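Reading the structure
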Amino acid sequence: MASHSVETAPAPLLSFEQLRTALRHVGEERYHHRHPFHLLMHDGKLSRGQLQAWALNRYYYQSVIPIKDAIIISRSDDPAFRRAWRKRIIDHDGDATSEGGLKRWLKLAEATGLDPDRVTAGHEMLPATRYAVNEYLNLVRARPLLEAVASSLTELFSRDLISLRMDKVREHYPWLTDGLDYFEARLTQAPDDASFALNYVYTHAKSREEQERGIQTLRDKCDILWAQLDALYFAYVQPGWPPPGAFRIEG
């Protein structure tokens, strides 16, 4: 008796609200607001030296964000998209009217007691920081443009973390408050950027499979952020083993 194969209908597209809910679930589960290093920070339990290590290593991530955005722009043949995405580069690199996020981050690092030139040199960065951040660049180069855009959707969750961080810094580390300009600017920049990227992913994902790949890419981006904090925790909290050449906490 001949067997008949039964074709399975493709899964239906998620609605806009369903897609946003799925993406937000990724954030609730995987975003680095849950990482033990951040929990210690928000409880006021990090030393000045540990905060210096965080600021120094995190600068490398900040420094590649405009490079990541330039890669994304270079992959689009839509002038309207490129114009909209270009503001992200200006937000971080600055222009004639704004100092940009990179300089603001250096002000934060300086508030911890670090020399900005020491931070930008990058010589004392953890190797795992470099590998994790470079993987983000690899992601936006190698994957489809839709997924590269989806990787930025951690901005859906960042505003809440930034608000919490600012409150906790003022409470536990008052000597750092002069360096909060970076976070202040991101309170408005991040939600606007997230809204644009979410609409782009919803509009350009033409199948459920493409939507699911976008969701998976957001998971991968969260893993990249988490890995950076894993490195900091291992080197400067427990067991406290910074590798050769990495930043050393003084005292």
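From a predicted model like this one, the values you see are computed outputs, not experimental measurements.

How each quantity is defined
- Residues numbered from 1 in each chain as written.
- Predicted model: local features only at pLDDT ≥ 70, side-chain atom pairs only at ≥ 80, totals over all residues.
- Heavy atoms only, no water.
- Helix = DSSP H or I, 4+ residues; strand = E, 2+ residues; numbered from the N terminus.
- Rg over C-alpha atoms; globule rule 2.2 N^0.38 Å.
- Buried < 20%, exposed > 50% of the residue type's maximum accessible area, 1.4 Å probe, protein only.
- Contact = heavy atoms within 4.5 Å.
- Areas by Shrake-Rupley, 256 points an atom, 1.4 Å probe, with all protein chains shown as cover.
- Lys, Arg positive; Asp, Glu negative; His and termini not counted.
- Charge placed at Lys NZ, Arg CZ, Asp CG, Glu CD.
- Phe/Tyr/Trp six-rings, centres within 6.5 Å; stacked < 30°, edge-to-face > 60°.
- Lys NZ or Arg CZ within 6 Å of the ring centre and 35° of its normal.
- Salt bridge = Lys/Arg side-chain N within 4 Å of Asp/Glu carboxyl O.
- Axes fitted to C-alpha atoms, helices over the stretch in contact; angles between N-to-C directions.
- Parallel < 35°, antiparallel > 145°, perpendicular 65-115°, else oblique.
- Left-handed = near helix turned anticlockwise from the far one by under 90°.

**Observations concerning the overall build of the protein**
When you go through the protein residue by residue, the secondary structure sums to eleven helices and zero strands. Sequence-ordered secondary structure for the protein, helices as α and strands as β, is α-α-α-α-α-α-α-α-α-α-α. Its C-alpha radius of gyration of 20 Å places the protein within 12% of the 18 Å reference for a compact globule of 251 residues. Seen through its C-alpha atoms, the protein measures out along the principal axes to roughly 80 × 50 × 30 Å. Looking at the 251 residues of the protein, the share that counts as buried comes to 49%. Of the contacts formed within the protein by residues at least 6 apart in sequence, a portion of 78% connects residues at least 24 apart. As presented, the protein carries roughly 12,500 Å² of accessible surface, and 52% of it is formed by carbon and sulfur atoms. The centroid of the 32 positive side-chain charges in the protein is displaced by 1 Å from the centroid of its 34 negative side-chain charges.

**Details of the packing of aromatic side chains**
Counted by the stated rule, this structure contains 14 aromatic pairs. Ring centres of Y61 and Y136 lie 6.2 Å apart, and the angle between their planes is 15 degrees; on these two criteria the pair is classed as stacked. Remark: Y136 occurs in helix α7 (residues 127-142) and Y61 occurs in helix α3 (residues 48-74); sequence separation between them is 75 residues. When its relative accessible area of 1% is taken as the criterion, Y136 is described as buried. In textbook terms, an aromatic cluster arises when at least three aromatic residues are bridged by ring pairs, as seen for W54, W105, Y182 and F183. Directly above the ring of W175 sits R48, whose terminal nitrogen or CZ lies 3.8 Å from the centroid.

**Quick word on the pattern of salt bridges**
Tallied over the full model, the rule gives 19 salt bridges. Taking the shortest distance from any N to any O, the salt bridge between E171 and K168 comes out at 3.7 Å. With E171 and K168 both in helix α9 (residues 155-172) and three residues apart, the pair spans about one turn of that helix. Its relative accessible area of 24% is what places K168 among the partly exposed residues. Bridged by salt links that share partners, the residues K87, R88, D91, E155, R186 and D193 form one connected network.

**Some words on the packing of α3 against helix α5 (residues 100-111)**
Contact geometry of α3 with α5 gives a least axis separation of 9 Å together with a crossing angle of 165 degrees. As summarised for this structure, α3 and α5 are arranged roughly antiparallel, according to the angle between their axes. Considering only the axes of α3 and α5, their crossing is left-handed. Residues R48, W54, A55, R58, Y59, Q62 and S63 of α3 pack against L102, W105, L106, L108, A109 and A111 of α5.

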